[in-house]
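Here are the chains, one letter per residue:
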Amino acid sequence: MKKSRLKGLRLNGLRLIKPRITVALSLAVIISLLLIWLLMTIFEGEKPEAHLEPVPEYLSKGITFNVSASDLKMGLRNIHVSVRQDGLVIPILRRDLPYVGLFNKRGVHKLEEEFTVDPKELNMIQGQASLIIEIHDFSKRRGGDGNLLLLEHKMVVDTLPPSITATSRGHNITIGGSGLIVYRPSSDTRESGVLVNDLFSPGVPFSRDPQTGLYICYFALPYNSKKDTTLYLWARDRADNETKRVFSCYIRQKRFRREKIKVSDRFLDHVIPRFSPDLFEPDKTKVEKYLLINRRLREENHALLIDLCQSPTEEKLWDGPWMRMKNAATMAIFGEQRTYYYKGKAIDETVHLGVDLASLARAPVQAGNTGRVVFAQDLGIYGLTVVLDHGQGLYTIYSHLSKIDVNVGQLVTKGDNIGITGQTGLATGDHLHFGFMVHGVFVNPIEWWDLHWIKDNIYRKLNVSR
Ligand SMILES: [Zn+2]
């Protein structure tokens with residue numbers, strides 16, 4: 001208190017001037033600060049941000065893009081999308097946004113825009129093209145134009161479908177049988193093969209002569225196909241362009257045998273306990289349980305087998321005809337249409353998709369051809385089962401075994417013992433159920449046991465196309 005009074009007296013002459021200077025100085029500082037803040041605000045130097053989706057490598061058809069832009073400071077002024085190709089600029093989208101409120105506080109700070117680029121509609125040519133996105137904000141920078149964000153996405157316009165041509169001739173296939181085609185896809189092809197109905201069988205490079213660019217594809221004509229089924233060669237290129245081309249194929253009709261199967265109480269009592277009681281809801285009758293096994297479990301087992309065939313070995317592991325189980329009699333053939341009768345009433349129908357072979361009980365089972373074990377365990381209606389991958393989409397299945405002598409991943413040679421026959425699963429009597437699959441479709445194994453058939457339908461094509 002005392003001290004300040006003394007100080008006041010001493011500075012008496014300055015007492016009136018000093019507050020004015022202080023106020024003026026403070027004002028000047030405040031004004032300068034305000035000015036700096038104002039300049040920094042309206043001349044802010046932060047670019048807008050943006051994200052583009054998708055970012056395709058190739059443009060083969062109309063693609064809808066989505067760009068999400070943001071500018072959290074002065075807000076978005078405009079967005080301009082164009083496509084540039086060979087010095088030509090094609091405008092795609094232009095949006096100018098309003099300036100609203102003090103410092104554009106109520107203007108647009110976040111924005112999502114969708115636009116479509118269709119190379120055919122825009123008359124774009126094949127080759128390099130750039131998608132250019134320019135976004136300005138409301139900053140006063142760059143002569144008042146605002147900060148610019150420039151996004152460039154380079155793509156290759158490719159609207160030409162790949163080509164695919166059969167080089168093998170004389171394609172004959174029997175309903176329920178197998179076929180092979182040799183073809184040449186254009187070099188930009190990423191995926192190719194044969195389409196039968198909606199079933200796709202992928203082709204693999206013709207390994208004997210990879211330099212030629214030739215491919216081979218094993219395919220199946222399912223047992224329930226019509227005689228007028230059309231078969232196609234199909235290809236998809238790197239830009240997702242697709243080609244589907246009919247190839248000439250003579251389809252031989254095949255009639256399958258009808259069989260009546262009597263389902264007795266004794267059989268049901270014998271078979272049902274082989275399956276886990278967890279499969280059935282309580283209070284189901286024997287027949288209901290049997291139907292569940294014969295339908296739902298059968299379907300589940302088939303789905304698993306189809307799954308197993310999705311990633312075949314690319315190389316050909318097999319050689320020559322498949323070996324048929326030694327000293328075995330045929331008990332049931334492929335394609336048999338079975339109707340099941342219980343107490344005189346038809347209760348179910350199935351198709352037998354393999355060949356049943358029987359010799360003595362607990363007889364050794366040999367690998368039909370060289371291949372890799374891809375499945376070796378219990379498989380529902382099939383009981384203990386081994387599946388072999390012979391390469392390029394060909395598989396064999398050995399079912400109702402009482403013992404398995406191989407492990408998944410193991411390479412087995414034609415004639416190696418892989419297990420012992422039995423009557424596991426839905427089998428009546430000790431036998432081997434032998435099945436042959438081409439890319440997951442069951443076919444008649446009889447063709448693959450026959451050297452003449454293999455020579456005429458496989459070897460001839462492989463040699464002719466070399
Ligand atoms: Zn069978």
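Quick caveat, the model's predicted, so the values are computed rather than measured.

**Student:** Can you walk me through the nonpolar core in this structure?
**Tutor:** Ranked by internal contacts, the top residues of the largest apolar core, which has 58 residues, are Val-194, Val-386, Tyr-398, Met-437 and Val-438. Looking at which element gives the most residues to this core, the answer is strand E15 (residues 215-220), with six residues. Ignoring any residue separated from it by four or fewer positions in sequence, one finds Met-437 in contact with Leu-305, Cys-309, Tyr-395, Ile-397, Phe-442 and Val-443. In terms of nonpolar packing, the next biggest core, distinct from the first, is built from 19 residues, Val-67, Val-83, Ile-135 and Val-157 among them.

**Student:** Please explain the sheet that holds strand E17 (residues 242-246) as it appears in this structure.
**Tutor:** Spatial strand order, E13-E12-E16-E17: four strands in an open sheet with antiparallel pairing. In this open sheet, the two edge strands, each paired with only one partner strand, are strand E13 (199-202) and E17. Taken over all neighbouring pairs, the strand axes of this sheet differ in orientation by 30° on average, direction set aside. Note: strand E12 (residues 189-196) against E13, four bridges, orientation antiparallel. From the neighbouring strand, Val-196 faces E13, where its bridge partner is Leu-199.

**Student:** Can you walk me through the environment of Glu-121 in this structure?
**Tutor:** Relative to the helices and strands, Glu-121 is located in the loop between strand E6 (110-117) and strand E7 (127-137). With 9 C-beta atoms packed within 10 Å, Glu-121 lands in the exposed category. With 74 residues separating them along the chain, Glu-121 and Lys-47 place their C-alpha atoms 33 Å apart.

**Student:** I'm lost on the pairing of strand E27 (residues 394-404) in this one. Help?
**Tutor:** Successive side chains on a regular strand alternate, one facing one side of the sheet and the next facing the other. Summarising burial for E27: eight of the 11 residues are buried, a large majority. Both strand E26 (residues 384-389) and E27 contribute to a ladder of five bridges, which runs antiparallel. What sits directly across from Leu-388, in E27, is Thr-396. Between the antiparallel neighbours E26 and E27 lie four residues, among them Gly-391 with a positive phi of about 95°.

Rules of the game
Residues numbered from 1 in each chain as written. Predicted model: local features only at pLDDT ≥ 70, side-chain atom pairs only at ≥ 80, totals over all residues. Core = buried A, V, L, I, M, F, W, Y, C linked by C-beta atoms within 7 Å. Buried ≥ 20, exposed ≤ 12 C-beta atoms within 10 Å, placed from the backbone. Helix = DSSP H or I, 4+ residues; strand = E, 2+ residues; numbered from the N terminus. Contact = placed C-beta atoms within 7 Å. Pairing = 2+ DSSP bridges. Axes fitted to C-alpha atoms, helices over the stretch in contact; angles between N-to-C directions.

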